[in-house]
Amino acid sequence: MTFSRRLQQVLMVWRSGRWSSRWSRRSAHLEDGGGGGGGGGGEGSRSCSRTFCCPAGQPEKPLELHRRKLLLWFSHLPREEAQFGGCLSPEAMQVEPLILERRPEDHAGLLGSSPHARNQLSPSVSLEQLFEPAQAQDRGQGVNVVLYGAVGTGKSTVFRKLVLDWCRGKSLTHFSLLIPFSCEDLAQLAKAASLRDLVSRKYHHLRKHPLLSGEGRQAQQVLFLFNGMEKIQLDFRIGGAELCSDPDEALAPSVVVVNLLRKYLLPEASVLVTTRLSAVDRIPTKCVSRYAQVCGFMDAEQQRGYFASRLLQRAGGPRAPGEAPGEAHRLLEQLYASLRGRSQLSAACFLPSYCWLTCATLHFLRFTDLQAPIRTLTGVYTSFLRLNFGGEVLGTGGTGTGTGSLMPYVVRTVGKLAFDGVTHKRTRFSEEELEQWVGGKTKTAEDLHQLAVFRTDVLDFFLAPCVESPERSRENPGEGDERCYVFAVPAMQEYLAALYVVLGENKSPLEKLTQQVSVTIGKAGEDVNALAAVLSKFAPLRLFAVFNLLKLFPALYQRIKASNRGRIARTMAAEMFRSEDSFNEDVLDQVEHGLLGVHGPDPERRRSGQPFELYPIFMGGLLHYGNRSLLQQLGCNVPSSSVSQITRVLRKFLVRELSKPQPPEEQMDLLVLLYEFQNPRLTAEVLASVRTVRLSNVRMTPLKCFIVGSVLSCTPARYHLEELDLSSCLLTPDLLGFLQPAFRHTRRLNISDNPSLLVSGVSALMGALSDNQSLTHLGLFHTGLRDQGAVELAEGLEQQQQQQQQLWPLQELNVAFNDLTDTGALALVDACRNHPTLHTVHLYLNPFSEGGVPGGRSSSSSSSSSLRVLSSLLEGSEVSENWNLVLRRIQENTTSSNQDRVRRQLQVFLKELQLGRQQQRSFLKRLRLHWVETSVHQALKKLQEDS
């Protein structure tokens, strides 16, 4: 095929495919959370080109062209799938949710019962079985199938898989033509159109196809698909929709659909309709051949299959930095163990949507890549809601269409419940509380209907029955057997509470009153001005004071609103720095613990009650422009003026709180907040007053290292961090690359007690510090340096001296407790002697031979200063002048992982001191040796108490 012909076909596909942008947003991954769809559009296009390309010079047949275009459109990868690195293929994610066939009487009274109560035993069916020949086809009519389910159960996933399987010839092969429609698109068409016009509008290549002519029984080979029927008004009443049997007669799109379902129009054609639970009864039972309910993932094996298809995509490809071989498999096994146990996660993953959210969160937490786009936890949750509620509306009842987005209703009801729970430190809610918060203020019949629709379609999406643990029952023995509900994912409660606050829904009674008065006065403003212009010719001037007061009231309301936004900022700061939460693990470990049940806090450090530390972080993330843009698509608007006011007040409170000492976990949470905010200017202004970042004992991951580096990279070049403490953080060489932006500003860097950090050498460390020109203290205590690493470090220091422009002003180097022998230590000491600024090297706790590495001071050959080498408490038979410094540093760097080694070394010091005291003749020197010996005994005693 020539290049010009290729170009013409691409342009034709583009012209006829412009309509699919909304379809790609709604059907390609969809309001059901992307349970089984999604793959790269490029891969889909390559696949379909190989399958359906015609020989050069021959025109492509309409049906083959139709298959190729559908395959291209439905293989489109939504941008939310970037959470998974863009490495997914459509074939790898076809985990189909459970589909149960229902009888017509099973769906009667749907609005009055819970979906969980309706999941009675019914035969499971496949899509192929739904369209098997039935009695209707024996009469010459096609099959009408209604596929229904609540939000998130997987309707659109099934719909997508049906189209892709038909395009590949894997399913429904007895249909020659399959025509999918989005009811959201049809509802927006105001102009009357015939069936063939509707088809040609979406699929130009089918505009004159004989299968749609209505002649003979050709339409028996056609299957129409209508996704999201609740978004279009269908009126089956007599006189409500005109009868029509002509495919060329122009009618309203809803009337065309009604006639297809009535079998007046193309009666031989089959129809599949997907809809939400509450809209099933809009189609009369006589117009439906079969009902089927999409029920999500009913067992752990289905859930495990989904997780495997998502998480193991990386197994065959390149690993992300910091990702160990087989990590995805270990992650999958941890998830599976949690699913098989009676955990809340297994209850949440009943919905494929929450399986998607779980995978997206784990990819965010575990598979960080420097080359990947910026991702935030708030962005993951906002994208999740956009996938599930983008375009969703709340029906007005009967045959009416929806009015307004569904998401604001969610915020006003479920968000209010979440906010009350966060305020009072509660995660469980009774049925009475659900009634109070979700439906307590309904007054009109329309309100009651909307509430019924919401409960049927949406409420179970957010709230799930609490999976009670025996420990929790013993902690709350007085709660009885009352059924309680929790948010399906704990972080969702904090997200919705944050959204409730940021959108300004938590107004005080005074604010609500002033808002109503301001709106009333604002509407009357023009009338007031007109009246004042007329009366100015007759009335006294004192009368105009009343008009001026009326016009000033909206300005007063604006000041009240500004005060409310200031309160939001104060709430964020107060929640971030709660003293009772100081001993909790950092928020990222809390999220991972909630999914995998690992990395929890020590029992002694655990505090009663839920910390809710994600709540203020989500508030900060929701102020970011990208998340506000997604929320605006959902009908939730956060004005830029509000963001500016909140940010201005928040900066002041953050700077004030950072002047106080903070535990390492709290400092990590602050960095996460600044990262989620994605505001470089605010970050730089807040960090301007920060001179020390201590993250000791925080379990560092690629994501946390990326956050530290990303946040500190916002600071200007003149900024300097006096100390960055990353000791005991489980650092590995792969993580150092993420930290390079943070190292650039650091003067005192402590990465001690990371025993696997420098096992493979120091090249990664030297590369991470390549931009640093201010480093004065480098702590490498217990980092697995060994002789090879010491030699590499010595060579690096010598190379720096040859390149004066990159020379560190290094003053102190700690390489103690690194299994150095005489060879490696002497090579490093020789390099340090030649360094112009380095004056102290720590070498104790290394297995040197007797007299192998001398301590004390030695003159440098190239500098007037002398190098102090600290290798023991003794210098010969006398006490070293630096013994106190050595002992103090040993105690400072002692952790649970190296206590045995330190204890043995201190015992060796004791023997050396005792031997030196026996050999020493001077009484004063023996007394000093005894004093040092006593200090070592005290250090050993303290070590024993700590263990």
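Just so we're clear, the structure is a prediction, and the values are computed from it rather than from any experiment.

Among the nonpolar cores identified, the biggest contains 171 residues, and Tyr354, Phe462 and Met492 are the most heavily contacted of them. With ten residues, the single largest contributor to this core is helix H21 (residues 490-502). When sequence neighbours within four positions are dropped, the list of residues in contact with methionine 492 reads Tyr354, Leu357, Tyr381, Phe384, Leu385, Phe462 and Phe487. Counting 73 residues, the second-largest nonpolar core is a separate cluster that includes Val125, Ala150, Cys167 and Ala292.

In sheet architecture, strand pairing relies on hydrogen bonds along the backbone and comes in two forms, parallel and antiparallel. If you trace the six strands from one edge of the open sheet to the other, you get S1-S6-S2-S5-S4-S3, paired in mixed fashion. Each end of this open sheet is capped by a strand with a single partner; those strands are strand S1 (99-102) and strand S3 (177-182). Mean inter-strand twist for the sheet, computed between neighbouring axes without regard to direction, equals 20 degrees. Here five bridges tie strand S4 (residues 222-227) to strand S5 (residues 270-275), and the two strands are oriented parallel to one another. Bridging across to S5, leucine 225 finds its partner in leucine 272. Each of S1, strand S2 (144-148), S3, S4, S5 and strand S6 (290-294) touches helix H8 (residues 155-167); the most contacted strand, S4, lies at about 150 degrees to it.

Each pair of aromatic rings is reported with the distance of its centres and the angle of its planes. Tallying each qualifying case throughout the model produces 22 aromatic pairs. Taking 5.7 Å as the distance between ring centres and 15 degrees as the angle between the ring planes, the aromatic pair formed by phenylalanine 384 and phenylalanine 461 counts as stacked. With phenylalanine 384 in helix H16 (residues 377-389) and phenylalanine 461 in helix H19 (residues 445-462), this pair connects stretches of sequence that are 77 residues apart. Across the pair, exposure class does not vary: phenylalanine 384 and phenylalanine 461 are buried alike. Pairing phenylalanine 781 with phenylalanine 817 gives two aromatic rings, centres 5.6 Å apart and planes at 80 degrees, and the pair type is edge-to-face. Of the two residues, phenylalanine 781 sits in the loop between strand S15 (777-779) and helix H35 (786-802) while phenylalanine 817 sits in the loop between strand S16 (812-814) and helix H36 (822-833), which places them 36 residues apart along the sequence. Both residues of the pair, phenylalanine 781 and phenylalanine 817, belong to the buried class. One aromatic cluster is present, built from ring pairs that chain together Tyr354, Trp356, Phe384, Phe389, Phe461 and Phe462. One cation-aromatic arrangement involves arginine 67 over tryptophan 166; the distance from NZ or CZ to the ring centre is 4.0 Å. Sitting above the plane of the tyrosine 336 ring, arginine 304 keeps its charged end 4.9 Å from the centroid.

What follows covers the packing of helix H4 (residues 62-74) against H8. Relative to each other, H4 and H8 sit at 140 degrees, their axes nearing to 9 Å. Relative to H8, the element H4 is oriented oblique. Read as a crossing pair, H4 and H8 show a hand that is left-handed. In this structure, H4 uses His66, Arg67, Leu70, Leu71 and Phe74 to contact H8, whose residues at the interface are Phe159, Arg160, Val163, Leu164, Trp166 and Cys167.

Calculation criteria
Residues numbered from 1 in each chain as written. Predicted model: local features only at pLDDT ≥ 70, side-chain atom pairs only at ≥ 80, totals over all residues. Heavy atoms only, no water. Core = buried A, V, L, I, M, F, W, Y, C linked by side-chain atoms within 4.5 Å. Buried < 20%, exposed > 50% of the residue type's maximum accessible area, 1.4 Å probe, protein only. Helix = DSSP H or I, 4+ residues; strand = E, 2+ residues; numbered from the N terminus. Contact = heavy atoms within 4.5 Å. Pairing = 2+ DSSP bridges. Axes fitted to C-alpha atoms, helices over the stretch in contact; angles between N-to-C directions. Phe/Tyr/Trp six-rings, centres within 6.5 Å; stacked < 30°, edge-to-face > 60°. Lys NZ or Arg CZ within 6 Å of the ring centre and 35° of its normal. Parallel < 35°, antiparallel > 145°, perpendicular 65-115°, else oblique. Left-handed = near helix turned anticlockwise from the far one by under 90°.

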